[in-house]
Amino acid sequence: MSKTIVLGLDLGGTKIAAGVVDSSGKLLSSVRAPTPASGVHKDVAALFDAAHSAVAAAGVPWRAVRAVGVGVPGAIDPESETVWAPNLPGWKKVPLKRLLEKALARPVFIEGDRNVQALAEQWLGGAGGRRRARNLVFLTIGTGIGAGLISDGRLMTGAHGVTGAAGWLAVSGRWRPEFARLGCLEALGAGPAVARFARKALRKKPHGLLAKFSRDRRNAVSAEAVVTAARRGDPTARRVLEEVGANLGRGVASIVSLLNPEVVVVGGGLAQAGELILRPLRRAARQWGQPLASRQVRIVRSRLGVSAGVLGAARYCLMKLEERT
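Since this is a predicted model, take the numbers as computed values, not measurements.

Things to note about the environment of H207
Positionally, H207 belongs in the loop between α6 (191-204) and α7 (208-216). A C-alpha to C-alpha distance of 48 Å links H207 and R134, two positions 73 residues apart in sequence.

Right, dumping it as structure tokens:
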């Protein structure tokens, strides 16, 4: 039986990833390019170029591609099928499905990036295995925080396409003005929070490897620098990751208590810290969560890494094609 071939596109605020994927989950090609982020027209043109580059790299004819799946960093209005992507200039009520179907001459299926990444993890990653999880959460932690939710085997999208805005979970009892813009958990648990907490800690104790990194970068401290210093044993960096991990764990405790998933898969840039962030996250989730749900859930790091977006977009596309048959 021949395998269905589809194209997966992952649109991000800074990069576009594209790949040709078959129905077994095999990634036949993978290309990456910067997102212009200078208007809808240029961004859609970049998606078009990435799509054709991926097909060429796979060595398959364009006619072999059945359809296209796209993961987008924002909300999709289920009625108008338009996209709102707040991190991309000009992306408000963009008819992306119509634009790409016209440009690529293929059926196009669009879903939020965190949702398609959840599908990818269920299909091929840490939420798969011998028995595919039917209840799972994919928590992506990078510049922002979002969650893809699968309940009883079905993707949860909500009434207005904004399900999974986990960055707005309340994990602090004291209101801060930045919560209105970012959300409470995102302000206290995303990558920029790591850098901010590190700068605060260095003002009190400007010593050690993290302080050296800061001086070398003219007092600019990134989340990546904190993780690197923590891996080398810097106590300040490790305390920062403990604090951020505990904040994330309180958010995960709420998610686990509410949804009772089998597994929470942690992905995104901050997941690269591995156990340095996962250990305090798990500890806080167990402490703050509903006891039975918290004991039974698995909290694991994503196995798919940067390929999750493309594979998830392809998986979503394959599912939509199955619905048509």
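Having seen it, we continue.
Some points on the pattern of salt bridges
Overall, the coordinates contain six salt bridges when judged by the stated rule. Residue K97 is joined to E101 by a salt bridge in which the shortest nitrogen-to-oxygen separation is 3.0 Å. Taken together, the residues K97 and E101, both in helix α2 (residues 96-104) and four residues apart, mark about one turn of the helix. With relative accessibility at 16%, the residue K97 sits in the buried group. A residue is classified by how much of its surface remains accessible, and E101, at 26% relative accessible area, is partly exposed. D152 is the salt-bridge partner of R134, the closest N and O atoms lying 3.1 Å from each other. Within this pair, whereas R134 is found in the loop between α3 (113-124) and β8 (136-141), its partner D152 is found in the loop between β9 (145-151) and β10 (154-155), the two being separated by 18 residues in sequence. Residue R134 is classed as partly exposed on the basis of its relative accessible area, which comes to 41%.

Observations regarding the pairing of strand β2 (residues 15-22)
By the criterion of burial, β2 is predominantly enclosed, with seven of the eight residues buried. The turn joining strand β1 (residues 5-11) and β2, which pair antiparallel and follow one another in sequence, is formed by three residues. Bridge analysis of β2 against strand β3 (residues 31-34) gives four bridges, and the strand direction is antiparallel. Residue A18 lies in a different strand from β3, and its bridge partner there is V31.

Details of unusual backbone geometry
For E81, which is not glycine, the phi torsion reads 55 degrees and is therefore positive. Within the element layout of this structure, E81 appears in the loop between β5 (75-76) and β6 (83-84). Within the chain, D152 stands out as a residue other than glycine whose phi angle is a positive 50 degrees.

Considering the nonpolar core
Core analysis: the biggest nonpolar cluster contains 50 residues, and L139, V226, L248 and V264 have the highest contact counts within it. Leaving out residues up to four positions away in the same chain, L248 has contacts with I141, I145, L185, G189, L270, I277 and L281. In this structure, I5, L7, V20 and V31 belong to the second largest nonpolar core, which totals 34 residues.

Observations regarding the side chain of T82
Tracing the chain through its elements places T82 in the loop between β5 and β6. When its relative accessible area of 13% is taken as the criterion, T82 is described as buried. Here the side chain of T82 touches S80 through a polar contact of 2.7 Å, side chain to side chain. Residues contacting T82, with those up to four places away along its chain left out, are A75, I76, D77, K93, V94 and P95.

With respect to the packing of helix α1 (residues 40-58) against α2
Where α1 contacts α2, the axes come no closer than 11 Å and their chain directions differ by 45 degrees. Judged by the inter-axis angle, α1 sits oblique to α2. α2 is crossed by α1, and the crossing has right-handed handedness. On α2, the residues touching V40, V44, L47, F48, A51 and H52 of α1 are L96, L99, L100, A103 and L104. Residues belonging to the contact of α1 with α2 are distributed by class as follows: ten nonpolar, one polar and no charged.

Re a positive patch on the surface
A surface patch of positive charge is lined by R174, R199, K200, R203 and K204. For K204, the location among the structural elements is in helix α6. On the accessibility criterion, K204 (70% relative accessible area) is exposed.

What counts, and at which threshold
- Residue numbers restart at each chain and count upward from 1, following the sequence in its written direction.
- A pLDDT threshold of at least 70 governs which residues receive local features in this predicted model, and a stricter bar of 80 or more applies before side-chain atom pairs are shown or counted, although totals over entire chains, interfaces and linings include all residues.
- Hydrogens and water molecules were not included; the side-chain quantities draw on all heavy atoms of the structure.
- Counting from the N terminus, the helices are the DSSP runs of H or I reaching at least four residues and the strands are the DSSP runs of E reaching at least two.
- We define a salt bridge as a side-chain nitrogen of Lys or Arg found within 4 Å of a carboxyl oxygen belonging to Asp or Glu.
- Each residue is assigned to one of three classes by its accessible area relative to the maximum for its type, calculated with a 1.4 Å probe on protein chains only: buried under 20%, partly exposed between the two thresholds, exposed over 50%.
- Strands pair, by our definition, only if DSSP identifies at least two bridges between them.
- Here the nonpolar core consists of buried residues drawn from Ala, Val, Leu, Ile, Met, Phe, Trp, Tyr and Cys, with membership extended through side-chain atoms lying within 4.5 Å.
- We call two residues in contact whenever any of their non-hydrogen atoms come within 4.5 Å of each other.
- We call two N or O atoms a polar contact when they sit within 3.5 Å, provided that within protein one can donate a hydrogen and the other can accept it, with sequence-adjacent residues counted only if both atoms are side-chain atoms.
- Between the N-to-C directions of two axes lies an angle of 0 to 180 degrees, each axis being a line fitted to C-alpha atoms and, for a helix, fitted only over the stretch in contact.
- Orientation is classified from the angle alone, with under 35 degrees giving roughly parallel, over 145 giving roughly antiparallel, 65 to 115 giving roughly perpendicular, and any other angle giving oblique.
- Crossing handedness is defined as follows: a turn of the near helix away from the far one that is anticlockwise and smaller than a right angle gives a left-handed crossing, while the clockwise case is right-handed.
- Throughout this entry, Asp, Glu, Lys and Arg are counted as charged residues, while Ala, Val, Leu, Ile, Met, Phe, Trp, Tyr, Cys and Pro are counted as nonpolar. The remaining residues, Gly among them, count as polar.
- Distance thresholds for patches are 9 Å for like charges and 5 Å for nonpolar side chains (Val, Leu, Ile, Met, Phe, Trp, Tyr), applied to residues having over 30% relative accessible area and no salt bridge.
- Per-residue accessibility takes into account occlusion by the displayed protein chains alone, with areas from the Shrake-Rupley method and a 1.4 Å probe.
- When charges are counted, neither His nor the chain ends are considered; positive counts come from Lys and Arg and negative counts from Asp and Glu.
- Throughout, a charge is located at the NZ atom of Lys, the CZ atom of Arg, the CG atom of Asp or the CD atom of Glu.

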